[in-house]
Amino acid sequence: MADPNTVEEYMAGLPEEQRAALERLRETIKAAAPEAVETISYKMPAYKTHGRFLVSFAAYKNHFSMYPASDEVKRALGEKLTPFLASKATIRFAWDARLPISLVKQVVKVRLRENAADPGR
């Protein structure tokens, strides 16, 4: 399959169960950042505000991930985020687990504040 040019193309290339889980994540991100623009970046769905990267996500065989778990995100969310951290900047969710909607919204809100605090970045 060719690299996706739109989020819809990315989603269409997924198996139904994975697509459903990522649609929940997608809607949660949109609810937390309604002004964010959807795009494809590094071959995955990404969101930008004012032309700046906010968050992205990707599907994998055994899980799906959301990026980034920036230092500010980790500081702000602490122990709530710890069970989902897979690496320095990766938040990982299991396909068969319930998506922690509140946590995802908090990650997006922290990223929005982080971007607003450093507009020259």
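First, a word on scope: everything that follows refers to the structure included in this document. For clarity, every value in this text was computed on a predicted model and none was experimentally measured. (Residues numbered from 1 in each chain as written. Predicted model: local features only at pLDDT ≥ 70, side-chain atom pairs only at ≥ 80, totals over all residues. Heavy atoms only, no water.)

Looking at unusual backbone geometry
Worth spelling out the cut-off: Secondary structure follows DSSP: runs of H or I at least 4 residues long count as helices, runs of E at least 2 residues long count as strands, and numbering of each begins at the N terminus. Each residue is placed in one exposure class: buried if its accessible area under a 1.4 Å probe, protein chains only, is under 20% of its type's maximum, exposed if it is over 50%, and partly exposed if it falls in between.
Of note, the bond from Tyr67 into Pro68 is cis; its omega dihedral lies within 30 degrees of zero at -10°. With respect to the helices and strands, the residue Pro68 is situated in the loop between β4 (63-67) and α3 (71-81). The backbone of Tyr42 sits at a positive phi, close to 55°, despite the residue not being glycine. Mapped onto the fold, Tyr42 is located in the loop between β1 (37-41) and β2 (44-49). Taking relative accessible area as the criterion, Tyr42 reaches 77% and is therefore assigned exposed. For His50, which is not glycine, the phi dihedral falls at a positive 55°. Turning to its location among the elements, His50 is positioned in the loop between β2 and β3 (52-59).

A short note on the sheet that holds β4
What counts, and what does not: Pairing between strands requires that DSSP locate at least two bridges from one strand to the other. To get an axis, a line is fitted to the C-alpha atoms, and for a helix only the part in contact is used. The angle between two axes follows their N-to-C directions and goes from 0 to 180 degrees. Should any heavy atoms of two residues lie within 4.5 Å, those residues are considered in contact.
If you walk across this open sheet you meet the five strands as β1-β2-β3-β4-β5, and the pairing is antiparallel. Each edge of the open sheet is held by one strand with a lone partner, namely β1 and β5 (91-94). Between one strand axis and the next, the sheet turns by 25° as a mean value, whatever way the strands run. Here β4 pairs with β5 via four bridges, running antiparallel. Within β5, the residue paired with Phe64 across the bridge is Phe93. Set on the sheet, helix α4 (residues 101-117) makes contact with β2, β3, β4 and β5; between it and β3 the angle comes to about 150°.

Points about the nonpolar core
Using the following cut-off: Residues enter a nonpolar core if they are buried and are Ala, Val, Leu, Ile, Met, Phe, Trp, Tyr or Cys, with the set joined through side-chain atoms within 4.5 Å.
Ranked by size, the top nonpolar core spans 36 residues in total, and within it Leu22, Leu25, Met66 and Val108 carry the most contacts. Taken together, the elements giving at least two residues each to this core come down to α1 (7-12), α2 (16-32), β2, β3, β4, α3, β5 and α4. At six residues, α4 tops the list of elements feeding residues into this core. Residues within four places of Leu22 in sequence aside, it is in contact with Tyr10, Met11, Leu14, Phe57, Ala59, Phe64 and Trp95.

Some points on the pattern of salt bridges
Operational definition: By salt bridge we mean one thing: a side-chain nitrogen of Lys or Arg within 4 Å of a carboxyl oxygen of Asp or Glu.
All chains considered together, the criterion is met by eight salt bridges. In this structure, Asp3 engages Lys43 in a salt bridge whose closest nitrogen and oxygen atoms are separated by 3.7 Å. Taken together, the positions of Asp3 in the segment before α1 and Lys43 in the loop between β1 and β2 put the pair 40 residues apart, joining distant regions of the chain. On the basis of relative accessibility, which here comes to 45%, the residue Asp3 falls in the partly exposed class. A salt bridge links Lys74 to Asp71, with the nearest nitrogen and oxygen atoms 3.9 Å apart. Of this pair, Lys74 and Asp71 both sit in helix α3, separated by three residues, roughly a single helical turn. Under the relative-accessibility criterion, Lys74 is labelled partly exposed at 24%. Judged by relative accessible area, which is 48%, Asp71 ranks as partly exposed. Salt bridges linked by common partners bring Glu8, Glu23, Arg26 and Glu38 together as one network.

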